[in-house]
Each structure stands twice: as C-alpha cells, then as structure tokens.
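These are the residues of each chain, in order.
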Amino acid sequence: LARPRSQPVEFLEASLEGARFVGAERDRPLVEFLGALFRDAPPDLIAAIGGPAALFFERHREELFPKTPVLVVAADRRRVESFVTQPGVINVGIDVGLPRLMENILQVLPRTRHVYVVMGSAPLDQFWESELKREWAPFADRLTLHWLSDRSVAEMREIVGQVPPESVVFWGIISRDAKGIPFEDETALTSLREVTKAPIFGYADYQIGLGIVGGTLAPLQAAGAAAADLAARFLDGELPSSKHSVTLPMADPVYDWRELERGRIPESALPPGSAVLYREPSLWQTHRTAVLVALAVTAGQTLLIALLFAARRRARDMAASLNLAAESANTGLWQLDAITNEIKASAKWRELFDLREKQPLMLADVLDRIHPDDQARMHQVVSRARQGAESDVEYRIVLSDDSVRWIASRSRPELAHDGRVLRIRGASMDITNRKRMEEDATMQRNELTHLSRVASLGVLSGSLAHEINQPLGIILSNAQAAQRLLAREQPDLAELREILSDIVSEDRRAGDVIKRLRTMLKRDETSIHPVEVHEAFEEVLRLAHGDLVGRGVAVERRFATGLPPVQTDRIQLQQVLLNLIVNACDAMETTPSMKRSLTLTTAADGNGALFTVADCGIGLPSDREELFQPFHTTKPNGLGMGLAICRTIIDAHRGRLWAEANPECGACFYVWLPWSPESP
Amino acid sequence: MSALSTIAIVDDELRMQRALQRLLQAEGFAVRTFGSADAFLKRPLSPRIDCVVLDVSMPGLTGLDLQEHLQQSDPCLPIVFLTGHGDIPMSVRAIKAGAINFLTKPVNDLELLTALRTALAESERLRLAQQEAAALRTRLEKLTARELEVLRHVIAGKLNKQIAADLGTSEQTIKVHRMRITEKLGVASVAELVRIAARLDITPVDE
C-alpha cells in the first residue's frame, strides 16, 4: 500500500496489545484515543488485522466510525463469523484447518510419539489452545500431547531441551507466557530452536525460514497481500461490497530444506507437489576438489595409524603409543612407585618440570617444585591418590629460574589384587597460556565493571558534594556560633554541649558518606554472598539522595516484608540499582516537577526476589532489547555501556534484568535474583 | 538599622537550621526557622521578616521557586541563597532574578554575616526611598490640574511671561500659581522643583 499511488496515503497504526490482556475494559483508553484523533474526520478505511482487532471493532464500530468500511485481515472465520456479515465489513480471512496441521507432522514423521505444544497464556492464545485440544482429540490414541501453556518460556526451554526421541514441537501462538512476559514471535522461535533437537512445526506461512519444518500452512502473509490490494482499490474509489470478501484456503505445502536436514526428514516423505525452500548446495557440490583431497589424506592417515597400532599391539607397550600422541600434545607422562616414592618420567615431563638431569627422581623433588600457595592443596591430592583416588588437578610450579608455570595433571592408581596401591600413573600438561588468557579476560571484565561503577558515581558527583557539604556546613556554623558564645561573660554551657553533640553527629555522617564512596569505588573481585535486599536498596538511596532532591524526584517505596537474602555481589547489585535510578531520573528530565516520581518495589517471585524501578518519564523505545546492547545510548554524552554491563552483572549472578513500559507513563525495570541457598 | 532584625532560615534539614540559628542569634539577630518553602509561604506575618536565608535544593518547592513567588508578593524582601551543590547555572538564574548573594556550604560566618548586613542595609535604603517617594506623591496630589501644568512649564525653564503666553493668562495669575505650588510642595527653588519632578516622573513640557 505504501507504493506510489495517485494520492499519498496516511497510515495510523494502533497496536491493540489486546491479545495480551483480558477484558473489554482495557478498550476504553484506545477508544477514546481513536475518537480524539479522528474527531474532525473519520478515517477512510480501517484495516483490522487478526481476530482481536476485528472483535475490538465489533464492540466499538458503532460508537467510533459507523460509516467507515472495515477490512478484516487474516482473522480465522471462527472468530469473526458474526462481525463480517455487517454491511461495510469486508473479510479477507483464513480458515485454519487444525487437523491438517497435525497431518503435516505425521506425513513426514509418521513415527512421532510425542508432540509438545507451545502456546501462551493470553486470551487469544487460550482460545486457540482450546480449539486445538478439541480438534486434535482424535490423535490422542496414537501419540501423547504435552500442553505447555502454563509454563514460562524459560521452563519451556528446559522441557523442550530434553525431549525423548520421536518428539516434535508444535509452535502455536505465544502473545504472553505464563510468567506474563510478552513475546515477539521471531526471537522466541529462534531461541527455542537453539535448545531442542526435536523438529519444530508451525502453523503460518510467514514462519517458514524462521525455524519450522513446514507443511500446509495458514496463509497469513498471502492474506495480508490480498488485503493490501483490496485496500488500494477501495482508496481509489471502488465501493466495498460483500462480493469482495474472500476466505483463503490453506497454502500449498512448502518446506525449509535446512530444517528437513536437521530433522533428518527425507524428501521422499514430502507430499507430492511440495516446494522446498532454502536449499543449500551440499558440501560435495561446492568443494569437490577440496573434499576429494581431504578424503585422500584422511584415508592415508587412518591407514598409517592403524599400521602403527598393529605393530605395537603389545599390552605392556601401549604406553609407547600413548607417548607418541602425548609428545605432540605437550604432555608429559609419569609413573610413581607407591612404595619407594621413585618417579619414572618421560623426557617431556622432565623438561616441563625442569628436572632434566635428576637421578634418582623422587616424589619430594616434585613436591618441592610446587608453588607455595598450592602446596597444602597438592599434598592433600597426593595423599588421596596414595589411597586409591583418581585425580584431575591444576596447580602452579616454580622453576629454577623463578618463573611460574601452570600445570594440569591427571592420574590413576594401579592396584594390586588385594587393593593396595602399587603405582600411580599420570599425564601432565603445560596450561600456562590458557590460564593467562583466562586471567586476562577476568581482569578485563572486572576492569569494565569497575570503570562503569566509577562513571556512575561520577554522574552523581554534584549530589555527592552536597552530601558532604551539608554536614561540613553544619559543623562550621555550629563551631563559629560556639566561638561567639565562649566570648561571653557567662557562656551558656548547656547550649555549648548541644552544639558539640551536633558537631560530633555530623562529623560521623560525613565519615559515613566517604566510607560508602570508598566501598563503591574499590576495585574488588566479584564475591557472591547472601545479601539483605532492603539494606542494599536503602544504601543506594542514601547515596543518590542528593541527586534525587536536587532534581526534584519524589521516591515511593513499596517493599515486601520479611524477604530472605539473595545470592549476589552486594556492591555490583548496588551498582546496577544506582544505574537504574539515575537512568530513571534522566528519563524524567522533561517531566513537570510535580509529576517526577520514582517507585521502587521489592517482592518475592518464585525462588528469588524481584526488584523494580519504575519512573514516569519518556518511556522506552519499541525494541526493548535494544536498550541492553552495548553502545546504545540516547544521551549526547552517553557511553552506552551502562545497561549492557548491568545485564552482564545480573546474568553472572544467575539473575535476570529486563524492562517493560508502564501502562500510564514511563518505564519499569525489573531485576530478579535467586535466594541464597541457606534461605528457606 | 531597626532595633532587632529578624532573619528567616529556610532549610529542609533541622540540624542545619539549628546551626545557622545559633550563629545568627549569637550575633544579635532574631531568627525564625522554616523546614520548607511551603511552610515559609504559609507563615504568620508577625514578627516581620527582614531577610531570608534560603537553601536552594529542597524537596517540593525549591529555593528558586520560592524566589519567584516572593518577587510577586514581597519584592522588597532580600534573599541570601545557600547551596550545598555549588551549581553554577543555578546561581546565575538566581542572581538574574534579583538575589543579593549566593553562598556555598559550608559557609564562613563572616561571609554570611556580611551578606546579611549588606542585604539588610540595601533593603532599608530601598524602604526609606519608597517612603520618601510616597510622601512626595501625597503632596503632589494636592496640586490642581492647572498648577500641575504650570509646574511642568517651570521645570522646562520657561519664564513667567512665556508661561502666561503659552497658557493664555496673565503673568500675575502665573505668579499666584507658583506661590501655591511652593506652599503645597514645600520647596522654592526651581532646581529643587526639577529634582522632585524627576523623582515623581513628571515630564517637562515640550519634551
């Protein structure tokens, strides 16, 4: 419709979100909004896309736009039967054959025994689920249907990740999952596909390419195109009448080649006349020469290795072939006599431990090499090994030139027939490089977290100055007043005592502010511990107090009582909360000062705590996940790292951080963290 | 200066109020304290306040908001601002709107007292000037329209003969008018008349 036409077309898109929430009372704001928008002239055409939109207009057409023609697009006839008979209502509908969808599955995977049905919990979803249950009842004797609509997507992922063989997943409609979290179809489908081995089947034509296998599908996309065509004609002047209404049948079968491969479905199983999309040329076709050469080489190597093994297949010399492999992997082999404590080791091992020449080589020589910090632990490992335990450890050694190496060792005991340990055999490897890289990565992560924290505090510097200047001001004025009192003939001692008492309190207060600052600024390793929820929140509020007052933001607290501690790093949690609070204040910059309010809540949620920070500011962009991407910023001087880092922090604590728009105004950010293990 | 000037302290922190109160009382001022701009606006009007020491950042109505209010209701009331933030844009706004002074916490006693005394003196001077102007205006009202016209000619530097010609009467009549003017206003020399006229915004004729 947006293609060039004789006159420009103005679109107004109003999203109902009605599929997600219950009740016609939710309609009111939208009805009033639409009424206000079009008070002067009604729109020329209304396109109601989907069942819920059509039903909305069934309820309100008379009140709002009685004369405007309505195009109902891609709604199933079940939902809109009565509405489409009204004059001026044209239907470009679909007829979803639910049994067909099941036949799709059984046609290509006849041995299917389990079908996991992924549906959401919104009213629209529930309607379709009950339809499915009804129309799929006949199939219940040949397979088991699992209905997942009462689960959150996180739970669904878990379930679907562990399905038995001969299972498929049927992707229904998720507007909102059981946890109340709304969904975008595409990302949810892709995320589910990642975790499951089972092939996924869908119901609509636009889902091909997103991860479903295929079949005869509901023609939603086709309906959209047909409707656009009709709309163009109506806007050009053609009079809408019932002859324009049409119900599209299910589309011809179409399949995604990639999903067929993934589900190991042979093309011979497809119904005749099926179209297969996204076909990739096989490895063979694109890289013939390379493949041939690789095959030849592999064949040669395999032969070589087989020969080697054949030549050396003597039980006692198995060690030699292991040695061959081990040399190339930088591994040293060793053997400890449990009685004499003497060690026999490969040249590589001696090189690794810098004990090249030592004869005889004793256990004590090796233990000497171990780094002092790892000594105690390794002694324990050795004594357990002597009692028959296998070991798999990492530790440091110090060489004669004082350099340090990280070693990974594995060992197994060799037992006598009476269970005594005769020998211990093992392999050791140099892992210094890997360790160094791990340390670098951890350090960088800590650095980034720290810098982000410093930046957050920098933002507060104005109000932090206030927090310190207040007590200092009180101390100074009190002291100078005291000086004057002392200059009198009869100084008022009671007054002087009070003055000193105030001075002492304020001094402590200033000290606290500084202490709090230092704690936040310290560069510390992450330490995950039980943390009291409300204390942490209150401390953050104290830190931000000056800022909040200075910017005229009123704070409302709704804290649940008796919450157990959560498992997290206290300072990092506070860093996240601070970030959210500062963001909220920024969002309310342009809000009139009487309305600037921040609402903070805490509550128990499942097996953890849920914190929310809600503001009444400019709200969120339409893509909420965009906010959490690195370098996303709406501020001219913003770095754009704040929320990305917050997410990283919360994820690392096994929590969740997400954002939603508030119904009235502004945004609400949610942080969920698990309880500490000791908590009930 | 009046016997005992009363200073109002408006700050949302009780300890800050007390500290400043102690200091000012030790210096011989009377002090009234308020915990918010709102409380200040709703105050009983007696005893009369001579100067306000005002914290800029308070929850609810801020110090600057209060200043705007007072511009309307009490434009002669001098304000000394105190802030813990040291925010420059804020201070510019305040000074533009007529604040006498903008001090940062922690505030030194001498700084604060100097600012207060300056503010009080300035306020007093304004008050007296206003009183004087009011008195003069009362006297001016006693002149008749004709006399006022004559006055306007006199301060333009015209001689009696000219004035008579301009106004179409006799020189004698003009002399009589001038005598009345002198009685009513209480001044004789033309120079003084010019000064008074300037004070009361009376323009000489032909200007």
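Residues numbered from 1 in each chain as written. Chains lettered and ligands numbered in written order. Predicted model: local features only at pLDDT ≥ 70, side-chain atom pairs only at ≥ 80, totals over all residues. Heavy atoms only, no water.

### Some details on the overall build of chain B
The helix and strand tally for chain B stands at 9 helices and 5 strands. Going from the N terminus to the C terminus, chain B shows its helices and strands as β-α-β-α-β-α-β-α-β-α-α-α-α-α. With 207 residues in all, chain B has 43% of them scored as buried. (Helix = DSSP H or I, 4+ residues; strand = E, 2+ residues; numbered from the N terminus. Buried < 20%, exposed > 50% of the residue type's maximum accessible area, 1.4 Å probe, protein only.)

### Here we look at the overall build of chain A
When helices and strands are counted, chain A shows 21 helices and 23 strands. Taken over 680 residues, chain A has a buried fraction of 44%. Here the analysis covers contacts within chain A between residues at least 6 apart in sequence; of these, 64% occur between residues at least 24 apart. For chain A, the computed accessible surface area is about 37,100 Å², with 54% contributed by carbon and sulfur atoms. (Contact = heavy atoms within 4.5 Å. Areas by Shrake-Rupley, 256 points an atom, 1.4 Å probe, with all protein chains shown as cover.)

### Digging into unusual backbone geometry
Omega for the bond connecting Gln359 of chain A with Pro360 of chain A falls within 30 degrees of zero, at -15°, which places this linkage in the cis form. Secondary-structure assignment places Pro360 of chain A in the loop between helix 13 (347-353) and helix 14 (363-369). With an omega of 0°, the peptide bond running from Ser46 of chain B to Pro47 of chain B counts as cis. Its place among the elements puts Pro47 of chain B in the loop between helix 2 (37-41) and strand 3 (51-55). In this model, Arg264 of chain A sits at a positive phi of 55°, which is unusual for a non-glycine residue. Structurally, the position occupied by Arg264 of chain A is in the loop between helix 9 (257-262) and strand 11 (275-277). For Arg264 of chain A, a relative accessible area of 73% puts it in the exposed group. Unusually for a residue other than glycine, Asp402 of chain A sits at a positive phi of about 70°. Structurally, the position occupied by Asp402 of chain A is in the loop between strand 14 (391-398) and strand 15 (404-415).

### Focus: the pairing of strand 12 (residues 331-337) of chain A
Residues and elements named next belong to chain A. Here 7 bridges tie strand 12 to strand 16 (residues 421-430), and the two strands are oriented antiparallel to one another. When the bridges of strand 16 are listed, Gly332 appears paired with Ser428. With 3 bridges joining them, strand 12 and strand 13 (residues 343-345) adopt antiparallel strand pairing. The residue of strand 13 that forms the bridge with Gln335 is Lys344. Between strand 12 and strand 13, which pair antiparallel one after the other, the connecting turn spans 5 residues, and Asn341 there sits at a positive phi close to 65°. (Pairing = 2+ DSSP bridges.)

### Quick look at the packing of aromatic side chains
Working definition: an aromatic ring pair is given by the centre-to-centre distance plus the angle between the planes. Residues and elements named next belong to chain A. Under the criterion given, the structure shown has 9 aromatic pairs over all chains. Seen in terms of ring centroids, Phe628 and Phe669 are 6.3 Å apart; in terms of plane orientation they differ by 70°. Their pairing is edge-to-face. Taken together, the residues span a long stretch of sequence, with Phe628 in the loop between strand 21 (608-614) and helix 21 (642-652) and Phe669 in strand 23 (residues 667-674) at a distance of 41 residues. Between Trp658 and Tyr670 the ring centres are 5.0 Å apart and the planes differ by 5°, which places this aromatic pair in the stacked class. Of the two residues, Trp658 sits in strand 22 (residues 656-661) while Tyr670 sits in strand 23, which places them 12 residues apart along the sequence. Residue Tyr670 is classed as buried on the basis of its relative accessible area of 17%. In this structure an aromatic cluster arises from ring pairing among Phe537, Phe559 and Phe611. Seen from the ring of Trp147, Lys133 lies directly overhead, with NZ or CZ sitting 5.2 Å from the centre. (Phe/Tyr/Trp six-rings, centres within 6.5 Å; stacked < 30°, edge-to-face > 60°. Lys NZ or Arg CZ within 6 Å of the ring centre and 35° of its normal.)

### Quick word on the state of the cysteines
What makes a disulfide is a covalent bond joining the sulfur atoms belonging to two cysteines. All names here are of chain A. In this structure the tally under the stated criterion is 1 disulfide over all chains. A disulfide bridge connects Cys616 with Cys665, and the sulfur atoms are separated by 1.9 Å. The disulfide joining Cys616 to Cys665 has a torsion of about -60° about its S-S bond and is therefore left-handed. Note that Cys616 is positioned in the loop between strand 21 and helix 21 and Cys665 in the loop between strand 22 and strand 23, a separation of 49 residues in sequence. Looking at Cys665, the relative accessible area reads 24%, which means it is partly exposed. (Disulfide = S-S within 2.5 Å.)

### Description of the sheet that holds strand 3 (residues 89-94) of chain A
Residue and element names in this part refer to chain A. Strand order in this open sheet of 4 strands is 1-2-3-9, and the pairing throughout is parallel. What marks the edges here is a single partner per strand, and that holds for strand 1 (46-49) and strand 9 (246-248). Taking the axes of each pair of neighbouring strands and ignoring which way they run, one obtains an average angle of 15° across the sheet. In this sheet, strand 3 lies alongside strand 2 (residues 70-76) in parallel orientation, the contact comprising 5 bridges. Directly across from Val73, in strand 3, lies its bridge partner Val92. Contacts from helix 2 (residues 51-64) reach strand 1, strand 2 and strand 3 within the one sheet, and its direction differs from that of strand 1 by about 130°. On the sheet, helix 8 (residues 220-235) packs against strand 2, strand 3 and strand 9 and is oriented at approximately 170° with respect to strand 2. (Axes fitted to C-alpha atoms, helices over the stretch in contact; angles between N-to-C directions.)

### Thoughts on the sheet that holds strand 11 of chain A
Taken together, the 3 strands give an open sheet; going across it, the order is 8-10-11 (chain A), and neighbouring strands pair in mixed fashion. Each edge of the open sheet is held by one strand with a lone partner, namely strand 8 (214-215) and strand 11 of chain A.

### Examining the nonpolar core
Side chains of nonpolar character tend, in soluble globular proteins, to be buried together. Residues and elements named next belong to chain A. Membership of the largest hydrophobic core comes to 46 residues, with the highest contact counts inside it found for Leu71, Leu101, Met102, Trp136, Phe170 and Phe201. Those elements giving two or more residues to this core turn out to be strand 2, strand 3, helix 4 (98-108), strand 4 (114-118), helix 5 (123-136), strand 6 (167-171), helix 8 and helix 9. The contacts of Phe201, once residues within four sequence positions are left out, are Asn104, Ile105, Val108, Leu109, Val168, Val169, Phe170, Trp171, Ile212, Val213 and Gly214. If you look at the next biggest cluster of nonpolar residues, it comprises 44 residues, including Leu541, Phe611, Val613 and Phe669. (Core = buried A, V, L, I, M, F, W, Y, C linked by side-chain atoms within 4.5 Å.)

### Some words on the interface of chain B and chain A
Each partner contributes to the interface: chain B provides 23 residues, whereas chain A provides 26 residues. Both faces combined, the contact of chain B with chain A buries some 2,200 Å², and carbon together with sulfur accounts for 49% of it. Here chain B is connected to chain A by 9 salt bridges. One salt bridge connects Glu506 of chain A with Arg15 of chain B, and the closest N-O pair in it is separated by 2.4 Å. Where chain B packs against chain A, one counts 15 residue pairs in polar contact (both at pLDDT 80 or more). (Buried area = accessible area lost by both parts, 1.4 Å probe. Salt bridge = Lys/Arg side-chain N within 4 Å of Asp/Glu carboxyl O. Polar contact = N/O pair within 3.5 Å; in protein donor to acceptor, adjacent residues only side chain to side chain.)

### Concerning the packing of helix 18 (residues 493-521) of chain A against helix 1 (residues 14-26) of chain B
Contact geometry of helix 18 of chain A with helix 1 of chain B gives a least axis separation of 11 Å together with a crossing angle of 140°. With respect to helix 1 of chain B, the element helix 18 of chain A is oriented oblique. Judged by the twist between their axes, the crossing of helix 18 of chain A over helix 1 of chain B is left-handed. Contacts from Glu495, Glu498, Ile499, Asp502, Ser505 and Glu506 of chain A of helix 18 of chain A reach helix 1 of chain B at Arg15, Arg18 and Arg22 of chain B. Tallied by class, the residues present in the contact of helix 18 of chain A with helix 1 of chain B amount to 1 nonpolar, 1 polar and 7 charged. (Parallel < 35°, antiparallel > 145°, perpendicular 65-115°, else oblique. Left-handed = near helix turned anticlockwise from the far one by under 90°. Nonpolar A, V, L, I, M, F, W, Y, C, P; charged D, E, K, R; others polar.)

### Some words on the confidence of the model for chain A
Residues and elements named next belong to chain A. Confidence along chain A averages 79 in pLDDT terms, with 82% of residues attaining 70 or more. Of the regions scoring below 50 in pLDDT, residues 1-5 engages in 9 contacts with residues more than four places distant in sequence or in other chains. Of the regions scoring below 50 in pLDDT, residues 18-22 engages in 16 contacts with residues more than four places distant in sequence or in other chains. (pLDDT = per-residue confidence, 0-100.)

### Section: the confidence of the model for chain B
All names here are of chain B. Within chain B, residue pLDDT values average 84, and 90% of them lie at 70 or more. In the model of chain B, helix 4 (residues 88-96) stands out as the element of lowest mean pLDDT, 60, in contrast to strand 2 (residues 30-34), which has the highest, 95. In the predicted assembly, ipTM is 0.76 and pTM is 0.43.

### Remarks on helix 20 (residues 570-587) of chain A
Residue and element names in this part refer to chain A. With 18 residues, helix 20 should reach 26 Å at 1.5 Å per residue; the first-to-last C-alpha distance of 26 Å fits that figure. Most of helix 20 is tucked away, with 16 of its 18 residues classed as buried. For helix 20, the side-chain oxygen to backbone nitrogen distance between the N-cap and Ile571 is 3.0 Å, and the N-cap itself is Asp569. (Expected span 1.5 Å × (residues − 1).)

### Thoughts on the side chain of Ser5 of chain B
Residue and element names in this part refer to chain B. Within the element layout of this structure, Ser5 appears in the segment before strand 1 (6-10). Overall, Ser5 belongs to the buried group, its relative accessible area being 6%. Among all residues touching Ser5, those that are not within four sequence positions of it are Phe29, Ala30, Asp50 and Leu120.

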